[in-house]
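Each chain, written out:
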Amino acid sequence: GEASHFCSTMDGGFAILGTTRQLDGNGVIQHYPFIIKLDEDKQIAWQYTFPNAGIAGKIIQTSNGALLVTTVTTNASGDYSDEFSLSKIDAQGNPVWNKSYSAAQGYDKVHPTGMIETLNGDIGLLAQLNTSNGDASLTLIRADSEGEVIWSKIYAQIASYTLSDDLGVSNLGGFVIVGAKGEDTNWQLIDTKVLVTDQQGEILHDSQFGIPNVNDFVSNFTPTLDGYLLCGNSSPSGGYRTAYLSKIDNEGNLIWRKEYRTMAGEVTQGISLHQEANGSVFLVGDSHELEAGKRIFIVKTNALGILYSSALTGHLHQDPQADCLPDPTEPGIAGWLVQAVGNQSFATLTDSLGHFTLPLDTGSYTVTVAPPSPYWEVCNSPYQVAVTEFYDTLSLDFPAQIIADCPYLTVDISAPFLRRCFDNNYYVHYCNDGTLTAEDATVEVTLDPYFTYVSSTLPLASQNGNVLTFDLGDVAVNDCGSFQITALLSCDSTILGQTHCTSAHISPDSLCLPPDPLWDGSSIETEVSCNGDSIQFVITNVGSGNMASPLDYIIIEDEIVLLSQDFQLAPGESTTVTVPSNGSTLHLEAQQSPGHPSGFASTGATIEGCGGWMSLGLFTQWSFDDDPDPFTDVDCQANVSSFDPNDKQGFPAGLGEEHLIEPGQDLEYLIRFQNTGTDTAFKVVVVDVLPSELDLATVRPGASSHPYTYGVTPEGWLSFTFSDIMLPDSNVNEPASHGFVRFRASQRAGLGHGDFIENTALIYFDFNAPVQTNTYRHRIGQLNPWTLVGTEPPVFQQKTKVKVVPNPLTDSALLQVEGIEPGPLQLVLTDVSGKVLRQQTTQGTGFEFQRGELASGVYFFQITRNGERLGAGKLMVR
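Keep in mind that this is a model prediction, so the values were computed, not measured.

Novice: Break down the overall build of the protein chain for me, citing the residues and quoting the values.
Specialist: Across its full length, the protein chain carries zero helices and 65 strands. Relative to the globule expectation of 29 Å for 878 residues, the C-alpha radius of gyration of the protein chain, 32 Å, shows essentially globular dimensions. Taken along its principal axes, the extent of the C-alpha atoms in the protein chain is 110 × 70 × 55 Å. Of the contacts made within the protein chain by residues no fewer than 6 positions apart, 59% connect residues no fewer than 24 positions apart.

Right under this line is the structure:
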């Protein structure tokens, strides 16, 4: 027998498809397809030979574990006939059903060349059609999970294509056909051809690319986050064949191309490729001298097809002697981030013994090690490295010293979604990233008032209303843990879309480093309450020092600046701001003094639904963690009736349609996944393609629905691996088919107004192609008056308020400053990036503002008198 195709299977084994030859009773050789199933130990589990003569085609495993096989019926002369078959074989090797597909009218032969299962369980089949006089076309068939034809298409205009071994599912939900087109009947000057269709088989993109005087043959391809990877071999005129790897975008346009040869004078060709969840690409092929036998080769590249020849190795270890010297006897430190930054950047985490290896290209790099807390100091970090030769290996040593003996506890709490009238699960994740064991640690969880505690996987130590306390015992250095809380969300007292906030606080919660000498000792906290016809915001200085100078606060109603003012408080002193309640969403943001230990410039409080439910869905556009220390966390989510699985959300959501956030605002991401297939998912890998605008060294993995292993790819992508997750499919157990993971990251320094932060994730279920989430986009803008571009921190005059009527405006608006005498006023209008668009002056107490040529959108204004700012806010134009 001869093998023709194989596929990996969910149990860790393989299914091999081939064709055997047998003599019939008349002495004629007949061909019969067969399957050999290998288990995870690569031993034969079972074999199956098809009863009807034919030639093996393709084999794939479906999401429910069954095998789909195409076979070609042969005619009396042993050539392809006018029909082919699709067979379903169960996981034990038993035939389930067989379907036959005839060639379209006018064609004598049909040859299946590709097969794929779609996300909803349908089957895509690609075949080549031929006539007796040599004409050729393609047919694409979409069948349901039982093999019944849903639709079929014939592409007669692509008769001169030779096709790849695979048909793919496009990122747009349709299909991708990759092959080659010859410029003449002798198949000279062959180019790569890519067709992308919609879900009904209609062609969306038809592209062709190649290298002059080089013949390209495609053998395999696979979808990626932003396009497809192709492999094959190229044959220049008069030269040897060379294996290649190419990247194309979603429309079939070439992005890059790399070639690989084992040694001079050898023929090499790429046969198959596989991309791992971390972005690495394996290219498998064969190579041989023209007069010698073939050898198999495997090439591993990064996500850009680059094969690095050099490496940086090293060891991170504790340095109790504080001598900054290498010592292999000192204990290694696991899980710390190592980065090499140059023209290209590489990253990894240290292993369980503190060792690391980074692939490098030639060039100069700055190598740094990032501790998980401020209680450590790393010798030799940063370190300058120059790689000047290929196949060079460099080694570095990083001793880490303790600068404070103190636990550093972090906590994260989250839920995948919230549903009214149902039990909901919160997941609490905690770690000790400090240098000392946290003794008798506890977590205090305060449930949203509309929840009723039901149960938890960690026993309750005490309960006071909705305040739940859990004893953790001693939490050692580098130890992490998690537990689950189940709570019922009320039916009668809530409405659909209402936001619910639940918080977690872990103790001991002391910080052991001396404060910034510039800090005045003040610490601002905010709270808000609904009092019937009014809303009260309370700003309190809970610190130990007087505020050295006035600070600012701002109140925004929905997306409109309501008022802004300054305040100055002694320790323990508060100020109360009362505004009418009308059912809108209101947010107060108050400054912190410079040098505050949290590192954050402000803190805030948000309320919705006071006086009615006039606006929903705006609560989470603001940061809701009013205490940004690592030992506290707040989860705020709107309850939902249904949602799309396999998605990504960003917190804060950001203001308005552009998701505006402040420079320096930390971001949290919630990645949700659901098994919507037809069988249990044994392993799930979530890969977050972290954008360059976020600082990899600040990433803090958080709560999740299931245990995971956190990793970082050389390209700086985050990976969360859920091994043995045993996630049931939604048809069997819908509530248990969901999962999620959450993490936090900080912006890189230097980002400014107008910059975008875009984040996308990939979700791998077992061996299936990845599911791509939506891309969540934030834009850095101007939200608070203390971050206005090109101005000093504002000092608001007491008892002034700017009223804008109407806002949003269509043609014009009146900007009226209340609480001032008539006199000269200056108005400056900017866009979200701080660019000045308009300046006006007037005499009096306000401006008649005309829209003019302004496009629809969000703008910012400030009004001054003789250089003193009287007010600022947002202007919305429809």
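Novice: I'd love a proper account of the state of the cysteines, names of residues and values included.
Specialist: Each disulfide consists of a covalent bond between the sulfur atoms of two cysteine residues. A full pass over the atoms with the stated rule returns six disulfides. With a sulfur-sulfur separation of 1.9 Å, Cys324 is cross-linked through a disulfide to Cys379. Because the sign of the S-S torsion sets the handedness, a value of about -60° for the bond joining Cys324 and Cys379 places this disulfide among the left-handed ones. With Cys324 in the loop between strand 24 (310-318) and strand 25 (337-341) and Cys379 in the loop between strand 29 (376-378) and strand 30 (383-387), this residue pair connects regions lying 55 residues apart in the sequence. For Cys324, a relative accessible area of 31% puts it in the partly exposed group.

Novice: Tell me about unusual backbone geometry, residues and numbers included.
Specialist: Trans is the common state for peptide bonds, and a negative phi is the common state for residues other than glycine. Look at the link from Phe651 to Pro652: it is a cis peptide, with omega at -5°. Position of Pro652 relative to the elements: it lies in the loop between strand 48 (647-651) and strand 49 (660-661). Note the cis peptide between Val805 and Pro806, where omega equals -10°. Position of Pro806 relative to the elements: it lies in the loop between strand 59 (801-805) and strand 60 (812-818). In the Ramachandran plot, Cys421 falls in the positive-phi region, its phi being about 70° despite a non-glycine side chain. Here Cys421 is to be found in the loop between strand 32 (409-414) and strand 33 (423-432).

Novice: Explain the nonpolar core residue by residue, including any values.
Specialist: By size, the foremost hydrophobic cluster in this structure holds 34 residues, and its most contacted members are Phe673, Val684, Val686, Phe722 and Phe743. Secondary structure elements with two or more residues in this core: strand 26 (345-349), strand 50 (667-674), strand 51 (684-689), strand 52 (694-704), strand 54 (718-722), strand 55 (738-747), strand 56 (756-765) and strand 58 (776-780). Each residue touching Val686, except ones within four places of it in the same chain, is listed here: Ile671, Phe673, Leu718, Ser719, Phe720, Phe722, Val741, Leu762 and Ile763.

Novice: Give a description of empty space enclosed by the protein that names residues and reports values.
Specialist: Under the counting rule described, the total for this entry stands at three cavities of 30 Å³ or more. Taken as a whole, the largest cavity holds about 100 Å³ of empty space. Lining the largest cavity are 15 residues, with Val561, Leu562, Leu563, Val802 and Ala872 sitting closest to its centre. Elements represented by at least two residues in the lining of the largest cavity include exactly strand 43 (560-567), strand 59 and strand 65 (868-877). In terms of residue count, strand 65 provides more of the lining of the largest cavity than any other element does, five residues in total. Classifying every residue of the lining of the largest cavity by side-chain character gives eight nonpolar, five polar and two charged.

Novice: Residue-level account of the packing of aromatic side chains, with values.
Specialist: The description of an aromatic ring pair uses the distance of the two centres, along with the angle that the planes make with each other. Applying the stated criterion to the full structure yields 20 aromatic pairs. When the ring of Tyr553 is compared with that of Phe567, the centres are 6.2 Å apart and the planes differ by 45°; the resulting orientation is tilted. With Tyr553 in strand 42 (residues 551-557) and Phe567 in strand 43, this pair connects stretches of sequence that are 14 residues apart. Ring pairing ties together the aromatic residues Tyr669, Phe673, Tyr708, Tyr710, Phe720, Phe722, Phe743 and Phe765, which thus form one cluster.

Novice: Lay out a negative patch on the surface with the relevant residues and their values.
Specialist: On the surface, a cluster of negative charge is made up of Glu439, Asp440, Asp471 and Asp474. Elements that contribute at least two residues to the negative patch include exactly strand 34 (438-446) and strand 37 (467-475). Position of Asp474 relative to the elements: it lies in strand 37.

Novice: An account of the sheet that holds strand 39 (residues 499-507) is requested, with residue identities and associated values reported.
Specialist: Either a parallel or an antiparallel arrangement is found when strands of a sheet pair, and the pairing is made through backbone hydrogen bonds. Spatially, the five strands line up as an open sheet ordered 36-37-34-39-47, and their pairing is antiparallel. Each edge of the open sheet is held by one strand with a lone partner, namely strand 36 (462-464) and strand 47 (632-638). Direction aside, the axes of adjacent strands within the sheet are offset by 20° on average. As judged from the seven bridges shared by strand 34 and strand 37, these two strands associate in the antiparallel manner. Across the sheet, Ala438 pairs through a bridge with Val475, a residue of strand 37.

Novice: Tell me about the sheet that holds strand 52, residues and numbers included.
Specialist: With antiparallel pairing, four strands are arranged side by side in an open sheet as 48-50-55-52. Each of the sheet's edge strands pairs with one partner strand only, and the pair in question is strand 48 and strand 52. Averaged over all adjacent pairs, the angle separating strand axes in this sheet is 25°, with direction ignored. Bridge count between strand 52 and strand 55: five bridges; the pairing is antiparallel. Considered in strand 55, the bridge of Leu694 is made with Gln747.

Novice: Go over the pattern of salt bridges, please, and point to the residues and values.
Specialist: Two side chains carrying opposite charge are able to pair once their charged atoms lie near each other. Per the stated rule, a full pass over the model turns up 16 salt bridges. In this structure, Glu202 and Lys153 form a salt bridge, with 2.5 Å as the shortest nitrogen-oxygen distance. Of the two residues, Glu202 is situated in the loop between strand 15 (191-197) and strand 16 (203-209) and Lys153 in strand 12 (residues 149-155); the sequence distance between them amounts to 49 residues. By relative accessible area, Glu202 is classed as partly exposed at 41%. Relative accessible area serves as the criterion here: at 23%, Lys153 is assigned to the partly exposed category. A salt bridge links Arg779 to Glu658; the nearest nitrogen and oxygen atoms lie 2.7 Å apart.

Novice: Account for the environment of Leu409, naming residues and giving values.
Specialist: Mapped onto the elements, Leu409 comes out in strand 32. Overall, the relative accessible area of 3% leaves Leu409 in the buried class. As for Leu409 and Pro630, which are separated by 221 residues in sequence, their C-alpha atoms are 6.9 Å apart.

Novice: Give a description of the confidence of the model for the protein chain that names residues and reports values.
Specialist: Of all residues in the protein chain, 91% attain a pLDDT of 70 or more, and the chain-wide mean is 85. Contacts of residues 788-799 to residues separated by more than four positions or lying in other chains number 36 contacts, the stretch itself having pLDDT below 50.

Here is what the cut-offs are and how they apply
- The numbering scheme is per chain: residues are counted from 1 as the chain's sequence reads.
- Note on the predicted model: pLDDT of at least 70 is required for a residue's local features to be given, and 80 or more for side-chain atom pairs to be given and counted; whole-chain, interface and lining totals, by contrast, use all residues.
- In computing side-chain values, all of the structure's heavy atoms are included and hydrogens and water are not.
- The way it works is that DSSP assigns letters per residue, a run of H or I at least four long becomes a helix, a run of E at least two long becomes a strand, and they are numbered from the N terminus.
- Radius of gyration: over C-alpha atoms. The globule rule applied is 2.2 Å multiplied by the number of residues raised to the 0.38 power.
- Should any heavy atoms of two residues lie within 4.5 Å, those residues are counted as being in contact.
- Cysteine sulfur atoms that pair up within 2.5 Å are treated as a disulfide.
- Partly exposed describes any residue whose relative accessible area lies between the buried limit of under 20% and the exposed limit of over 50%, with all areas from a 1.4 Å probe on protein chains only and scaled to the type maximum.
- For this analysis, a nonpolar core means a set of buried residues of the types Ala, Val, Leu, Ile, Met, Phe, Trp, Tyr and Cys, connected via side-chain atoms within 4.5 Å.
- In this analysis, the protein atoms alone were mapped onto a 1 Å grid. Cavities are point sets where a 1.4 Å probe fits without being able to get out; pockets are open sets with protein on both sides within 12 Å along at least five of seven lines; lining residues have an atom within 4 Å of a point.
- Grid points are joined across faces, edges and corners, and a volume is the space filled by probe spheres set on the points.
- Under the scheme applied, nonpolar residues are Ala, Val, Leu, Ile, Met, Phe, Trp, Tyr, Cys and Pro; charged residues are Asp, Glu, Lys and Arg; polar residues are all the others, including Gly.
- Two rings from Phe, Tyr or Trp (for Trp, the six-membered ring) form a pair when their centres sit within 6.5 Å of each other. Planes less than 30 degrees apart are called stacked, planes more than 60 degrees apart edge-to-face, and all others tilted.
- Each patch groups residues whose relative accessible area exceeds 30% and which form no salt bridge, using 9 Å between like charges and 5 Å between nonpolar side chains of Val, Leu, Ile, Met, Phe, Trp and Tyr.
- Every accessible area reported is derived by Shrake-Rupley at a probe size of 1.4 Å, with residue values counting cover from the shown protein chains alone.
- A carboxyl oxygen of Asp or Glu within 4 Å of a side-chain nitrogen of Lys or Arg is what we treat as a salt bridge.
- Residues counted as positive are Lys and Arg, residues counted as negative are Asp and Glu, and His and the chain ends are not counted.
- Charge positions are represented by NZ for Lys, CZ for Arg, CG for Asp and CD for Glu.
- Being paired, for any two strands, means DSSP has found at least two bridges between them.
- To get an axis, a line is fitted to the C-alpha atoms, and for a helix only the part in contact is used. The angle between two axes follows their N-to-C directions and goes from 0 to 180 degrees.
- Confidence of the predictor at the level of single residues is given by pLDDT, which spans 0 to 100.

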